Amino acid sequence: MSAAEPGQAAGAAQDSHPGQMAVALAYQRFEPRAYLRNNYAPPRGDLSSPDGVGPWKLRCLAQTFATGEVSGHSLIDIGSGPTIYQVLSACSHFEDITMTDFLEVNRQELGLWLREEPGSFNWSMYSQHVCLIEGKGESWQEKELQLRAKVKRVLPIDVHQPQPLGAGSLVPLPADALVSAFCLEAVSPDLASFQRALDHITTLLRPGGHLLLIGALEESWYLAGEARLVVVPMREKEVREALVRSGYVVRDFRTYTMPAHLRTGVDDVKGVFFAWAQKKVGV
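(A) Focus on the packing of aromatic side chains. Summed over the entire model, instances satisfying the criterion amount to 14 aromatic pairs. Taking the centre distance of 5.9 Å and the plane angle of 35° together, the rings of Y27 and F30 count as tilted. Residues F65 and F94 carry aromatic rings whose centres are separated by 6.4 Å and whose planes lie at 80° to one another, so their mutual orientation is edge-to-face. One end of the pair, F65, is in helix α3 (residues 53–66); the other, F94, is in the loop between β1 (74–78) and β2 (96–101), and 29 residues separate them in sequence. Of the two residues, F65 and F94, neither departs from the other in class, the shared state being buried. Among the aromatic residues, those joined into a cluster by ring pairs are Y27, F30, Y35, Y40, Y85, F121, W123, Y126 and Y222. The ring of W113 carries the charged tip of R148 above its face, separated from the ring centre by 3.8 Å. Across the ring face of W276, the terminal group of R251 is positioned such that the distance to the ring centre comes to 4.4 Å.

Take a look at the structure:
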């Protein structure tokens with residue numbers, strides 16, 4: 001599942017970490033539209049079957065926000081990539097949403113959709129599906145209008161830096177919640193880098209705040225046009241352990257096994273995980 005959907009998103013490189021520099025260089029060839037075709041157009045983008053990966057991810061997010069526990073003023077989407085589906089359910093629960101990405105091409109792609117410019121990617125099927133899941137009687141047009149109003153900024157991010165948003169950021173910090181989809185594992189050359197990146201983004205979150213993390217299981221590469229990106233293969237046990245080490249209590253953890261008809265040759269992903277984690281007070 002293209003482990004990086006937004007993996008592309010997140011960041012990468014410091015001279016002292018040659019593996020991270022190699023990741024950053026590889027992402028310079030990342031093609032947002034190719035990535036979107038591979039993962040958000042049919043067959044993976046077919047939302048008509050409840051057993052598909054798209055409906056599964058949207059249900060995980062919608063059901064978690066429906067608890068009412070993940071809410072507040074500010075939310076940061078870590079490594080958004082060129083996608084917006086991961087914050088569709090969030091926009092009813094937060095007033096200030098920040099989207100982020102390491103790559104300028106992905107930030108530009110997000111800007112096209114936020115400004116409703118001609119040629120922007122059509123997310124209406126996702127918006128419709130979220131409205132159906134949530135069952136509030138909201139139209140997809142209302143949902144998209146609300147999201148556009150709540151996204152206050154699209155900023156660069158580098159999750160491999162101790163201050164991922166840089167110094168002097170205009171983002172309200174600490175945030176009440178973080179969302180991150182297919183980012184950390186897709187920009188980390190190894191498990192140690194994944195752990196450090198998770199530690200770094202956790203500094204942006206208030207104690208008691210919530211992280212909703214979606215990622216790839218047992219994926220080692222994915223394609224985005226001419227780019228062939230390396231991914232650190234993650235198992236459920238490793239994700240859980242990383243969250244605990246970063247000071248979280250795991251509230252919910254779900255996994256999805258990628259069916260054969262969705263293994264389309266654009267990656268070698270075996271499955272997807274969804275984690276709802278809460279940052280301990282005092283961390």
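What follows picks up the thread again.
(B) How the structure looks around the sheet that holds strand β8 (residues 248–257). Pairing is mixed in the open sheet, where seven strands are placed in the order β3-β2-β1-β4-β5-β9-β8. Of all strands in the sheet, those with a lone pairing partner are β3 (151–156) and β8, marking the two edges. For this sheet, the mean inter-axis angle between neighbouring strands, taken without regard to orientation, is 15°. Where β8 and strand β9 (residues 271–279) come together, nine bridges link them in antiparallel fashion. Within β9, the residue paired with D252 across the bridge is W276. Strands β1, β4 (175–181), β5 (205–217), β8 and β9 of the sheet are contacted by helix α7 (residues 191–202), whose axis makes an angle of about 145° with β5.

(C) Fine view of the pairing of β5. Across the 13 residues of β5, 11 count as buried, placing the element largely inside the fold. Note that β4 and β5 share six bridges and pair parallel. Its bridge partner being in β5, A175 is matched across the sheet by L205. Between the parallel pair β4 and β5, the chain is carried across by α7, and the sense of this crossover is right-handed. As judged from the eight bridges shared by β5 and β9, these two strands associate in the antiparallel manner. Across the sheet, the residue bridging to L213 is A275, located in β9.

(D) Main features of unusual backbone geometry. With an omega of 10°, the peptide bond between P42 and P43 qualifies as cis. Secondary-structure assignment places P43 in the loop between α2 (32–40) and α3. Despite not being glycine, E116 has its phi angle at roughly 55°, a positive value. Inspection of the secondary structure puts E116 in the loop between α4 (104–114) and α5 (124–134).

So, how was this worked out
- Residues numbered from 1 in each chain as written.
- Predicted model: local features only at pLDDT ≥ 70, side-chain atom pairs only at ≥ 80, totals over all residues.
- Heavy atoms only, no water.
- Phe/Tyr/Trp six-rings, centres within 6.5 Å; stacked < 30°, edge-to-face > 60°.
- Helix = DSSP H or I, 4+ residues; strand = E, 2+ residues; numbered from the N terminus.
- Buried < 20%, exposed > 50% of the residue type's maximum accessible area, 1.4 Å probe, protein only.
- Lys NZ or Arg CZ within 6 Å of the ring centre and 35° of its normal.
- Pairing = 2+ DSSP bridges.
- Axes fitted to C-alpha atoms, helices over the stretch in contact; angles between N-to-C directions.
- Contact = heavy atoms within 4.5 Å.
- Right-handed = clockwise from strand over helix to strand, strands pointing away.

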